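Structural description and commentary
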2 protein chains.
Amino acid sequence: MTLGMIDKTHRKELTPSRGRPLSKAGKGEVNRGEQFAATALDLFAERNFASVTIKDIAKEIGVNTALIYYYYKSKEDLFRAAIEFAIHQAFKNFSNLQARHENPVDVINNWLDNHVQLYAPIYKFVKVSLDYSGSETKIPIIDQQIRQFYDEEKRILSKCIGRGIQQGQFVACDPDALALFISTYLDGVMVRGVILNDFDLNQAVWALRQQIWAKLFGGNQVGEKSGLMTANI
Amino acid sequence: MTLGMIDKTHRKELTPSRGRPLSKAGKGEVNRGEQFAATALDLFAERNFASVTIKDIAKEIGVNTALIYYYYKSKEDLFRAAIEFAIHQAFKNFSNLQARHENPVDVINNWLDNHVQLYAPIYKFVKVSLDYSGSETKIPIIDQQIRQFYDEEKRILSKCIGRGIQQGQFVACDPDALALFISTYLDGVMVRGVILNDFDLNQAVWALRQQIWAKLFGGNQVGEKSGLMTANI
DNA sequence: GTCTATAGAATGATAGAC
DNA sequence: GTCTATCATTCTATAGAC
């Protein structure tokens, strides 16, 4: 019921037994350990730590309850692995974007597109983080990784805003502040998307686009810049 | 563990027995029923439906577990009451603001101040709504009230933005879209405030202020309007 | 109204066979 | 590695005394 401090797992680089095929793989997991973590993440994000039972997870995969305890020390340990999996997934998208040295406008547009297209994984991360923040015991590594995720998000956005300003492409402003603004708004989008099931994700992100370009191009008339604005949509 | 459809309670206008004083009242509850709902809301918001036990709630108030079942049919029924309580609380602030016919700038500034000062109750509402949205069974009344809350928020903001435009005070824009934008961002602020415990609430709301006035006054230079902007902070 | 006592169900976790 | 069987615990909910 409460999360305890558990660090050690006997989860190594496990390879699924050749004899029995994975019944419900297909999310990119390589081994059973990861499969459990991925499946647990789905369920924990959909509901939460307390209301998802070990039985639920085992059932979802089609194995016995006891098998989970072969890979993980406890339910909490599995939860920890699920969060780590979520963070790992989220970071993957980050590095993809960071790698390309496109012009600032494209990077920001890509970023926003990411949040629309990758709604599910990002939402899972936010939801599980929220769940974790309400739990009693804290796991230093998880805390650190969550913070790192948001810092990284801010860093990437801030950097490319700064570059745009330097290049004279954008109106001068505080890149850090704007980056945080964007990132905070996107969290709001994630939450709204769940609370109100008819929430228009596309429109919400579109509204953010308008705001950003209005600010960075220094006018309220955004139509004139629509060539840039609608790129990559 | 899962929320069922429960409608009927024997919770009437209950008055606490004179013989025994309420041990831990002081949140504005009038009767035991409300006291349970208010306390349950606190705990459900802090953690969630599944991880808060009937025992926790009873303990918090200092009464016996069985007493809860005198006022509520089940744990789910208490949860329903807790959400209703949260919505009721949130609406109270709304009507206060709506009542006064101040100028649009003041109304918006007040609105933002509200979200800083009333962080706790608003957060509780968002958190519990999120929890509810993840539950299996839906209660029509709750769904309706949550939606009504957000609609009302949008309506109030939209109305005063529209009035500002009509009066020639604001630059023309889509009032509905801007209202939704503000409201979505504020949800993001709520969530961030919990996930990252060192999140600067004031700065986040301040950033929104800047965006809003930049848009409504039609320039990026907001300093000139600072007389209006910093009103009611 | 509030408490004591307890039934009944579900859950996390372990031992041990295959 | 995976399963069966089971224990210990915890939790919701009820019955009934005061």
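The structure this text deals with has already been given above.
One structure accompanies this document, and this report is about it. (Residues numbered from 1 in each chain as written. Chains lettered and ligands numbered in written order. Predicted model: local features only at pLDDT ≥ 70, side-chain atom pairs only at ≥ 80, totals over all residues. Heavy atoms only, no water.)

1. Describing the overall build of chain A
- Tallying secondary structure elements over chain A gives 10 helices and zero strands in all.
- From first element to last, N terminus to C terminus, chain A shows the α and β order α-α-α-α-α-α-α-α-α-α.
- By residue count, 52% of the 233 residues in chain A fall in the buried class.
- Residue pairs in contact within chain A that sit at least 24 positions apart in sequence constitute 67% of those at least 6 positions apart.
- Looking at chain A as shown, the accessible area adds up to about 10,700 Å², and 50% of this sits on carbon and sulfur atoms. (Helix = DSSP H or I, 4+ residues; strand = E, 2+ residues; numbered from the N terminus. Buried < 20%, exposed > 50% of the residue type's maximum accessible area, 1.4 Å probe, protein only. Contact = heavy atoms within 4.5 Å. Areas by Shrake-Rupley, 256 points an atom, 1.4 Å probe, with all protein chains shown as cover.)

2. Brief notes about the side chain of Asp77(A)
- Considering the arrangement of structural elements, one finds Asp77(A) in helix 4 (residues 75-99).
- Among the polar contacts made by the side chain of Asp77(A), one reaches the main-chain amide nitrogen of Lys73(A) at a distance of 3.1 Å. (Polar contact = N/O pair within 3.5 Å; in protein donor to acceptor, adjacent residues only side chain to side chain.)

3. Thoughts on the protein's contact with DNA strand C
- Close to DNA strand C lie 17 residues, the nearest being Tyr69(A), Lys75(A), Arg32(B), Asn64(B) and Tyr71(B).
- Each atom of DNA strand C within 4 Å of the protein was assigned to sugar, phosphate or base; sugar and phosphate come to 70%.
- Within the backbone of Ile54(A), one N or O atom sits 3.0 Å away from a phosphate oxygen of DNA strand C.
- Only helix 3 (65-71) of chain A together with helix 3 (65-71) of chain B provide two or more residues apiece to the surface near DNA strand C.
- The element that contributes the greatest number of residues to the surface near DNA strand C is helix 3 of chain B, accounting for four residues.
- By residue class, the composition of the surface near DNA strand C is 11 nonpolar, three polar and three charged. (Near = heavy atom within 4 Å. Nonpolar A, V, L, I, M, F, W, Y, C, P; charged D, E, K, R; others polar.)

4. Considerations on the interface of chain B and chain A
- Contacts between the two partners involve 45 residues from chain B, matched on the other side by 45 residues from chain A.
- Contact between chain B and chain A buries roughly 3,900 Å² in total, counting both sides, with carbon and sulfur atoms accounting for 62%.
- For the salt bridge of Glu153(B) with Arg192(A), the shortest nitrogen-to-oxygen distance reads 3.5 Å.
- In this assembly, chain B and chain A are joined by 12 residue pairs in polar contact (both at pLDDT 80 or more).
- Elements that contribute at least two residues to the side of chain B that touches chain A include exactly helix 6 (119-133), helix 7 (140-166), helix 8 (175-195) and helix 9 (201-216) of chain B.
- For the side of chain B that touches chain A, the leading source of residues is helix 8 of chain B, giving 13 residues.
- For the side of chain B that touches chain A, the residue count by class is 20 nonpolar, 14 polar and 11 charged. (Buried area = accessible area lost by both parts, 1.4 Å probe. Salt bridge = Lys/Arg side-chain N within 4 Å of Asp/Glu carboxyl O.)

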